[in-house]
Amino acid sequence: MTSETLKTLMGYIAGLIFGLGLAVSGMTDPARVLGFLDLFGAWDPTLMFVLGGAVATNFIGYRLVLRRPNPVFGEHFHLPTRQDLDGRLIGGAALFGIGWGLSGYCPGPAFASIAGLTGPLLAMLVTMVVGWFLARAVLASR
Amino acid sequence: MDWSSSLQGLAGGILIGLSATWLMATLGRIAGISGIIGNLVTARPKGDSAWRVAFLLGLISGPVVLLLLGGGLGNVAGSPGEVVGAPAGGVPLMLVAGLLVGLGTGLGSGCTSGHGVCGLSRLSMRSLVATLTFLVAAIVTVFVVRHVIGGGA
């Protein structure tokens, strides 16, 4: 196999495990997500266990992996370097939170739920892509 | 409390963490869905797109594998074993929600996976602030929709 094929395969495996994780944990169910966000209703703690399990696992994983000089199939690690807090980060996160609270879908579960595609989900996927183009245009105009 | 749902959440979360570690170990990339797919569709970066397409296909095929196994490994609220839950609203609501999620994650450089799972694992201050911001915004939104407009439904 060429290294390009191997890279592509590694990407597929990562996506597959991610999708399995979202499905096993119930994050492909907006009701579970909204149940977590509804602190003043019948609170559903599932998302806390998902995020906790993911961060704890990846915290250890990153510490082991980032000791190496470079990734197995790449030239270097692509790590964000910015440290500053700006309005774009906080304003963007706030807009995202409103959309997440309205729908119960963040980008991962929205795409992973294509297995059970519905009209409303398709509508959301389309405008999510439109939103990405809009954000790109906004950032390019500055 | 429903412990079996929580345990499935924990198991799924560990898988998500392993996926993020795997992507960093093999390709040196952050497993942020909005970054991976958003850059793919808006920029189609030359020589840097194949793994993104493969990741997206993997992401979609994860739940498909569970459905094919048919063993009831999903965790849909109220129907244990089902894999994909129903949308929370109709097309008009989801059109608005999608636009906000796309624009917000584009401007804010990440979503629940990039800032939440990966950023928090790196102890990034930007990701911590972003994660707290979108959590609070989402909690307030659900409060308004369910308890102010919806009258506590």
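Residues numbered from 1 in each chain as written. Chains lettered and ligands numbered in written order. Predicted model: local features only at pLDDT ≥ 70, side-chain atom pairs only at ≥ 80, totals over all residues.

### Examining the overall build of chain A
Counted only if it meets this: Numbering of helices and strands runs from the N terminus, with a helix taken as a DSSP run of H or I at least four residues long and a strand as a DSSP run of E at least two residues long. Once C-beta atoms have been placed from the backbone, residue pairs whose C-beta atoms lie within 7 Å are recorded as contacts.
Along its length, chain A carries 6 helices and 0 strands. By principal-axis analysis of the C-alpha atoms, chain A measures approximately 45 × 40 × 30 Å. Within chain A, residue pairs in contact and separated by at least 24 positions form 42% of the contacts whose partners lie at least 6 positions apart.

### Describing the overall build of chain B
Condition: We call a residue exposed when 12 or fewer other C-beta atoms sit within 10 Å of its C-beta, buried when the count reaches 20 or more, and partly exposed for counts in between; the C-beta positions come from the backbone.
Helices and strands together make up the secondary structure of chain B, namely 6 helices and 2 strands. In terms of overall dimensions, chain B has a C-alpha envelope of 50 × 40 × 35 Å along the principal axes. Sorting the 153 residues of chain B into buried and exposed places 59% on the buried side.

### A few points about the packing of helix 5 (residues 112-121) of chain B against helix 6 (residues 125-149) of chain B
Residues and elements named next belong to chain B. Which entries qualify depends on this criterion: Between the N-to-C directions of two axes lies an angle of 0 to 180 degrees, each axis being a line fitted to C-alpha atoms and, for a helix, fitted only over the stretch in contact. Here a crossing is called left-handed whenever its near helix is offset anticlockwise from the far helix by less than a right angle, and right-handed whenever the offset is clockwise.
Between helix 5 and helix 6, whose axes approach to 8 Å, the crossing angle comes to 145 degrees. Pair helix 5 / helix 6 crosses with left-handed handedness. Residues His-115, Gly-116, Gly-119 and Leu-120 of helix 5 pack against Arg-126, Ser-127, Leu-128, Ala-130 and Thr-131 of helix 6.

### Let's talk about the interface of chain A and chain B
The cut-off we apply is this: Basically, the charged four are Asp, Glu, Lys and Arg, the nonpolar ten are Ala, Val, Leu, Ile, Met, Phe, Trp, Tyr, Cys and Pro, and anything else, Gly included, counts as polar.
Facing the 108 residues of chain A at the interface are 107 residues of chain B. Taken together, the elements giving at least two residues each to the side of chain A that touches chain B come down to helix 1 (3-25), helix 2 (30-37), helix 3 (46-65), helix 4 (87-103), helix 5 (107-112) and helix 6 (119-140) of chain A. It is helix 1 of chain A that provides the largest number of residues to the side of chain A that touches chain B, a total of 19 residues. Class assignment for the residues of the side of chain A that touches chain B results in 64 nonpolar, 35 polar and 9 charged.

### Considering the nonpolar core
Going by this rule: Note on definitions: a nonpolar core is a set of buried residues drawn from Ala, Val, Leu, Ile, Met, Phe, Trp, Tyr and Cys, linked by C-beta atoms within 7 Å.
Ranked by internal contacts, the top residues of the largest apolar core, which has 87 residues, are Met124(A) and Phe134(B). Apart from the residues lying within four places of it in its own chain, the contact partners of Met124(A) are Ser103(A), Tyr105(A), Ala110(A), Met94(B), Ala97(B) and Gly98(B).

### A few points about the environment of Gly108(B)
Relative to the helices and strands, Gly108(B) resides in the loop between helix 4 (91-107) and helix 5. Of the residues examined, Gly108(B) has 28 C-beta atoms within 10 Å and is grouped as buried. Note: C-alpha distance between Gly108(B) and Ala130(B) (22 residues apart in sequence) is 7.5 Å. Discounting chain neighbours no more than four positions away, the residues touching Gly108(B) are Arg88(A), Leu89(A), Gly92(A), Ala93(A), Phe96(A) and Ala130(B).

### Structural notes on the environment of Val65(A)
With respect to the helices and strands, Val65(A) occurs in helix 3. The exposure class assigned to Val65(A) is buried, which follows from the 20 C-beta atoms found within 10 Å. Contact partners of Val65(A), with chain neighbours within four places excluded, come to Thr21(B), Met24(B) and Ala25(B).

### A short note on the packing of helix 6 of chain A against helix 2 (residues 33-43) of chain B
In helix packing, the relevant descriptors are the interaxial angle and the interaxial distance, both defined with respect to the helix axes. Convention followed: Throughout, the term roughly parallel applies to angles under 35 degrees, roughly antiparallel to angles over 145, roughly perpendicular to angles from 65 to 115, and oblique to all others.
Remark: helix 6 of chain A packs on helix 2 of chain B, axes separated minimally by 10 Å, with the N-to-C direction vectors making an angle of 75 degrees. The angle between helix 6 of chain A and helix 2 of chain B falls in the class roughly perpendicular. Taken together, the residues of helix 2 of chain B that come into contact with helix 6 of chain A (itself represented by Val129(A), Trp132(A), Phe133(A) and Arg136(A)) are Gly38(B), Val41(B) and Thr42(B). Residues belonging to the contact of helix 6 of chain A with helix 2 of chain B are distributed by class as follows: 4 nonpolar, 2 polar and 1 charged.

### Quick word on the environment of Gly119(A)
Residues and elements named next belong to chain A. Tracing the backbone through its elements, the reader meets Gly-119 in helix 6. On the neighbour-count criterion, Gly-119 (11 C-beta atoms within 10 Å) is exposed. Counting along the chain gives 19 residues from Gly-119 to Val-138, while the straight-line C-alpha distance between them is 29 Å.

### Some thoughts on helix 5 of chain B
Of all 10 residues making up helix 5 of chain B, 10 are buried, and the element is well covered by its neighbours. By the burial criterion, the buried members of helix 5 of chain B are Thr112(B), Ser113(B), Gly114(B), His115(B), Gly116(B), Val117(B), Cys118(B), Gly119(B), Leu120(B) and Ser121(B).

### Side note on the confidence of the model for chain B
In low-pLDDT segments, the atomic positions of the prediction should not be examined closely. All names here are of chain B. As a reminder of what qualifies: Per residue, pLDDT captures the predictor's confidence, and it can take any value from 0 to 100.
Averaged over all residues, the pLDDT of chain B is 95; the fraction at 70 or higher stands at 97%. Confidence, expressed as mean pLDDT per element, reaches its minimum in chain B at strand 2 (residues 79-81) with 82 and its maximum at helix 4 with 98. The ipTM value of the predicted complex is 0.97, and its pTM value is 0.97.

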